[in-house]
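Per-entry structural report
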Amino acid sequence: MASASTREAREKYELKQRAVKFYDENGVPKKMEEILNSMFYDNPDDVYGHLANYFAHFAKTPLISQVSSRHGFDSKGQTTVQTDMYCTVRNDKKLSASIVSSSTNSSLPENTKPEDREEEDKSREAAVEAAIALLNGDINTRLQGVDPGLQSDVDNILMKLYNELKAEEDERLAKEAAELAASGGDGGSPVKEEEASISGKKGGKSSAKKGGKSVTVVVVPDDPKEKLLPGAGSVCVASRAACTAAATVKDIPLYQHIAALRFGETPKDMRLPIPMVTVIQSGRSAPGKLNCVKEFMVVPKPGMPLSESLKYCQKIYNYVTKNFVTKSGMAAQYGNDIGALCPSYDKPEQGLDILQDAITSLELTPGEDFFIALNLAGKEIFDYDPSSAPAKSDFPGQGMHKEKGKYEVMGGQQKVPEDLVEFWVELLGRYPSVIAIIDPMRKQEKEHWMRLCDKISDRCLVIGNHAYPRPGLLLEEELTEEFKTSGIVLKLDQLNTVSDILDCAKKMEEADNQIVLTTCYGETTDTFLADMAVGMNARFFKIGAPVRGERIAQFNRLIQIENQLKLEGRLAYHGENVFPHIAPPPLPEPEEGEEVAQEEEKKEDKNKKK
């Protein structure tokens, strides 16, 4: 009996010693003493809430515990990816982020044949299925136990996984090609550079053929399109989810967390982006002969409160809608996928004039209170092959003669790059309220792009969108003097991670570029991009039309952020528009032999003229 009692006493003593060691190692007695002493003087209304807040600071860092993905739908009714991210927070598994991503943007022109569109729809469905499988499988496994606040670590894990899968796929394709070659099959032939002999008067303002010498134009092909694996969009989805989860577990606004990622710490003052709001959409897929302007956008002046500027944007949109309905009937009020109005225009002046009239109707001054921006989407109106996209005609069923290597600015009016430069210089000279153009031509026309910049960049931003590769690839490229822009459009989709966007923004800002963050066409009501635009200090936010739920959700979130920053005394505004002049690089000095040849050419031209 005495022996049993002694053993129990010894076990109880050892248990107490282990408990003392456990609490001492974790500093519990010391922390308890500190908070109990200070709390007596603080006298909080909620005693246990005060204790909980105090000890929460000593809790372990929340870690990702699960990624769960399923089907969702975007604003166009297309299937997309809906993803939840769970984190272990103070020993409990909690939902920390829920993301509904935009669907994959179409890689086809808007005037693509229906059968080709069907094929892409099937590919999109397959991509969604592959993304969901990746998120629920490999991505879920690799992100477990990772701190969501370490954004670069998360994105590196995601890109490493994608590169491994890409290497496996490349190896499989190479093996199949080798087997096909061994069996005597045709492995394909290299793409040859196209050349087109285009007759026409250089420097002329009309596409009509006139007398003159035949000019051989080399059609420089576009850079090879990056072939992404099905499900590549899962990388962007997981990156966004981790970013959102980090803000949630830190109990701070998402824009504040993104600002800390971008600048290393949260800035004292934060700026809201200036909205680029689309009112009218034209282009090749729209009715009418106008091709050279895809989007007519309005832009409020810097310093105008967002809540005020968005009201004006809505009134401008309503003015234009009412004008269209009066002229063309009720059907003219219906918009496209981004809510933009699609009238039948034959020349760009029509869109510019009605926007200026709408601004003036609000007792505002175009070019002072409100400005205009144009998305020219030059790549979409360039004719690589005249047979691939019939020109617009005034007569249904009748095509028009088209030549490759030219930009079809309007139905029946084509221009070589040299003439396109003069076209835009002349038009923008008549409309000083236009302060930004996006993609005036292809990047391959570097010489003419730089010539256009030289003539207009001191009063109008020349912004690159498709002129640049995706941010992840652009980070690896060296910016040169041969091709420069005033700004860049960044889009968070597909293989782009949060880190890619932020790092690319930093790189381009250092090169005197303004940052334009844009939404996608297959958008959802997810407002991540509104927070990102504020957090990364983007100057512009290209947001679509001021209608439809997925766009209005972004507007409302921006207004909410503006109010929060105002209450905290941290709201600031972007400065006046600045237009750094972009000059072409100096021409290399000709060698001695080249100088002689140039002199002979000049003499020959003079003799021909005589």
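Note on numbering: residues in each chain are counted from 1, in written sequence order. For this predicted model, a pLDDT threshold of at least 70 governs which residues receive local features, and a threshold of 80 or more governs which side-chain atom pairs are given and counted, while totals over whole chains, interfaces and linings are taken from all residues. Heavy atoms from the whole structure form the basis of all side-chain values; hydrogens and water molecules are not counted.

Per an unreviewed UniProt entry, the protein chain goes by Enolase 4 and derives from Crassostrea virginica. Looking at the protein chain in UniProt, the text filed under Pathway (unreviewed entry) is "Carbohydrate degradation; glycolysis; pyruvate from D-glyceraldehyde 3-phosphate: step 4/5." UniProt positions are given in the numbering used here, feature names are shortened, and annotations may be inferred rather than shown by experiment. As stated in UniProt under Catalytic activity (unreviewed entry), the record for the protein chain gives "(2R)-2-phosphoglycerate = phosphoenolpyruvate + H2O".

1. Here we look at the overall build of the protein chain
The numbering of helices and of strands both runs from the N terminus, where a helix is a DSSP run of H or I of at least 4 residues and a strand a run of E of at least 2. Helices and strands together make up the secondary structure of the protein chain, namely 16 helices and 18 strands. Summary of the burial criterion: residues with accessible area below 20% of their type's maximum are buried, those above 50% are exposed, and those between are partly exposed, where the area comes from a 1.4 Å probe applied to protein chains only. Here the protein chain holds 610 residues, and 45% of them are scored as buried. Contacts were defined at the residue level, with two residues in contact if any of their heavy atoms lie within 4.5 Å. Considering only intrachain contacts with a sequence separation of at least 6, the fraction spanning at least 24 residues in the protein chain is 70%. Just so you have it, the protein chain exposes about 31,700 Å², and 50% of that area is on carbon and sulfur atoms. Here the open area of atoms and residues is found with the Shrake-Rupley method and a 1.4 Å probe, where only the protein chains shown may cover a residue.

2. Topic: the packing of helix 8 (residues 306-328) against helix 15 (residues 549-568)
For any two helices packed against each other, the geometry is given by the interaxial angle and the distance between the axes. Every axis corresponds to a line fitted to the C-alpha atoms, with the helix fit spanning only the stretch in contact, and the corresponding angles, defined between N-to-C directions, vary from 0 to 180 degrees. Following both chains from N to C, one finds helix 8 and helix 15 inclined at 155 degrees, their axes separated by 9 Å at the closest point. When the axis of helix 8 is compared with that of helix 15, the two are roughly antiparallel. From helix 8, Leu-306, Ser-307 and Leu-310 reach across to helix 15, where they touch Phe-555, Leu-558, Ile-559 and Glu-562. Each residue is assigned to one class: nonpolar for Ala, Val, Leu, Ile, Met, Phe, Trp, Tyr, Cys and Pro, charged for Asp, Glu, Lys and Arg, and polar for all the others, Gly among them. Per-class residue counts for the contact of helix 8 with helix 15 are five nonpolar, one polar and one charged. Between 65 and 115 degrees an angle is taken as roughly perpendicular, under 35 as roughly parallel, over 145 as roughly antiparallel, and anywhere else as oblique.

3. Re the environment of Cys-236
Mapping Cys-236 onto the fold places it in helix 6 (residues 233-250). What makes Cys-236 buried here is its relative accessible area of 4%. Residues Cys-236 and Asp-155, spaced 81 residues apart in sequence, show a C-alpha to C-alpha distance of 8.8 Å. With residues near it in sequence (within four places) discarded, Cys-236 still touches Leu-492, Asp-493, Gln-494 and Asn-496.

4. Topic: the sheet that holds strand 2 (residues 79-89)
When DSSP finds two or more bridges between a pair of strands, those strands are recorded as paired. Within the open sheet, the three strands sit side by side as 1-2-3. Their pairing is antiparallel. Of all strands in the sheet, those with a lone pairing partner are strand 1 (63-73) and strand 3 (92-100), marking the two edges. Taken over all neighbouring pairs, the strand axes of this sheet differ in orientation by 20 degrees on average, direction set aside. Bridge analysis of strand 2 against strand 3 gives eight bridges, and the strand direction is antiparallel.

5. Looking at a negative patch on the surface
Like charges within 9 Å and nonpolar side chains (Val, Leu, Ile, Met, Phe, Trp, Tyr) within 5 Å are joined into patches, using only residues over 30% in relative accessible area that form no salt bridge. One side-chain nitrogen of Lys or Arg within 4 Å of one carboxyl oxygen of Asp or Glu is enough to make a salt bridge. Charge assignment: positive for Lys and Arg, negative for Asp and Glu; neither His nor the chain ends contribute. Charged side chains are reduced to one point each, which is NZ for Lys, CZ for Arg, CG for Asp and CD for Glu. Negative charge collects at one region of the surface, where Glu-115, Asp-116, Glu-118 and Glu-119 lie side by side. Tracing the backbone shows Asp-116 in helix 4 (residues 114-143). Overall, Asp-116 belongs to the partly exposed group, its relative accessible area being 37%.

6. Quick word on the packing of helix 5 (residues 151-182) against helix 6
Look at helix 5 against helix 6: their axes get within 10 Å of each other, and the N-to-C directions meet at 165 degrees. Taken together, the axis directions place helix 5 and helix 6 in an arrangement best described as roughly antiparallel. The two elements helix 5 and helix 6 cross, and the hand of that crossing is right-handed. Taken together, the residues of helix 6 that come into contact with helix 5 (itself represented by Gln-151, Val-154, Asp-155, Leu-158, Met-159 and Tyr-162) are Val-235, Ala-238, Ser-239, Ala-242 and Cys-243. By convention, the crossing between two helices is left-handed when the near helix turns anticlockwise from the far helix through less than a right angle, and right-handed when the turn is clockwise.

7. Re helix 14 (residues 528-535)
Owing to its 3.6 residues per turn, the α-helix aligns residues three or four sequence positions apart on the same side. By the criterion of burial, helix 14 is predominantly enclosed, with eight of the eight residues buried. One or two residues past the end of helix 14 sits Asn-537, with phi positive at roughly 65 degrees.

8. Some points on the pattern of salt bridges
Tallied over the entire structure, the rule returns 24 salt bridges. Salt-bridge contacts for Glu-550 lead to Arg-548; the nearest nitrogen and oxygen are separated by 2.9 Å. Overall, Arg-548 belongs to the partly exposed group, its relative accessible area being 31%. Notably, a salt bridge pairs Glu-550 with Arg-551, separated by 3.9 Å at the nearest N-O pair. Residue class for Glu-550 comes out buried when judged on its relative accessible area of 6%.

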